[in-house]
Amino acid sequence: MSEIDKRNRLSEEPFSYQITKKGTVLIQYEGKQIKIVKEKEAERLIARIQEVERNTPEVQLLLAKITGNFKRGNERLGKNKK
């Protein structure tokens, strides 16, 4: 794990998730929704999360991997922010 998260960003627990009644997984990064996982991919993710649920860094790593490379300067800031 130390080789993957060299800067210890995942220890701060930036990712959170919510599983809906339909089995969809909503993934948030620092409180902002960044990804919706549905159908078969959601089922696999839920199963993996349940396997490592007690190990918080592993759950954070799973969520980071499923979201991919989303922070690269192309995020929208909103109308009021400059």
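Scroll up to find the structure.
From a predicted model like this one, the values you see are computed outputs, not experimental measurements. (Residues numbered from 1 in each chain as written. Predicted model: local features only at pLDDT ≥ 70, side-chain atom pairs only at ≥ 80, totals over all residues. Heavy atoms only, no water.)

**What to know about the sheet that holds strand S1 (residues 15-19)**
One key point about sheets: their strands pair by backbone hydrogen bonds, in either a parallel or an antiparallel sense.
Here's step 1: The sheet built from three strands is open, its strands ordered S1-S2-S3 with antiparallel pairing. Two strands in the sheet have a free side with no partner beyond their single neighbour: S1 and strand S3 (32-37). Sheet twist, expressed as the average angle between the axes of neighbouring strands with direction ignored, equals 25°.
Here's step 2: By the bridge criterion, five bridges tie strand S2 (residues 25-29) to S3 in an arrangement that is antiparallel. Within the sheet, the bridge partner assigned to Ile27 lies in S3 and is Lys35.
Here's step 3: Of the strands in this sheet, S1, S2 and S3 are in contact with helix H1 (residues 39-51), which crosses S2 at around 65°.
Here's step 4: Seen against the sheet, helix H2 (residues 56-67) touches S1, S2 and S3 and runs at an angle of roughly 85° to S1. (Pairing = 2+ DSSP bridges. Helix = DSSP H or I, 4+ residues; strand = E, 2+ residues; numbered from the N terminus. Axes fitted to C-alpha atoms, helices over the stretch in contact; angles between N-to-C directions. Contact = heavy atoms within 4.5 Å.)

**With respect to the packing of H1 against H2**
Here's step 1: Running from amino to carboxyl end, H1 crosses H2 at an angle of 160°, the nearest separation of the two axes being 10 Å. Taken as axis vectors, H1 and H2 run roughly antiparallel relative to one another. As H1 packs across H2, the resulting crossing turns out to be right-handed. Contacts between H1 and H2 pair Glu41, Leu45, Arg48 and Ile49 from the former with Leu62, Leu63 and Ile66 from the latter.
Here's step 2: For the contact of H1 with H2, the residue count by class is five nonpolar, no polar and two charged. (Parallel < 35°, antiparallel > 145°, perpendicular 65-115°, else oblique. Left-handed = near helix turned anticlockwise from the far one by under 90°. Nonpolar A, V, L, I, M, F, W, Y, C, P; charged D, E, K, R; others polar.)

**Overview of the side chain of Gln60**
Here's step 1: Relative to the elements of secondary structure, Gln60 occurs in helix H2.
Here's step 2: Filtering out sequence-adjacent residues up to four positions away, Gln60 remains in contact with Leu10, Glu13, Pro14 and Phe15.

**Points about the environment of Arg48**
Here's step 1: Structurally, Arg48 is set in helix H1.
Here's step 2: When its relative accessible area of 42% is taken as the criterion, Arg48 is described as partly exposed.
Here's step 3: In this structure, the C-alpha to C-alpha distance between Arg48 and Leu62, residues 14 residues apart in sequence, is 8.0 Å. (Buried < 20%, exposed > 50% of the residue type's maximum accessible area, 1.4 Å probe, protein only.)

**Digging into H2**
Here's step 1: For H2, built from 12 residues, the straight-helix expectation of 16 Å at 1.5 Å per residue is met to within 8% by its first-to-last C-alpha distance of 17 Å.
Here's step 2: Every buried residue of H2 is listed here: Val59, Gln60, Leu61, Leu62, Leu63 and Thr67.
Here's step 3: Phi turns positive, to about 80°, at Gly68, one or two residues after H2. (Expected span 1.5 Å × (residues − 1).)

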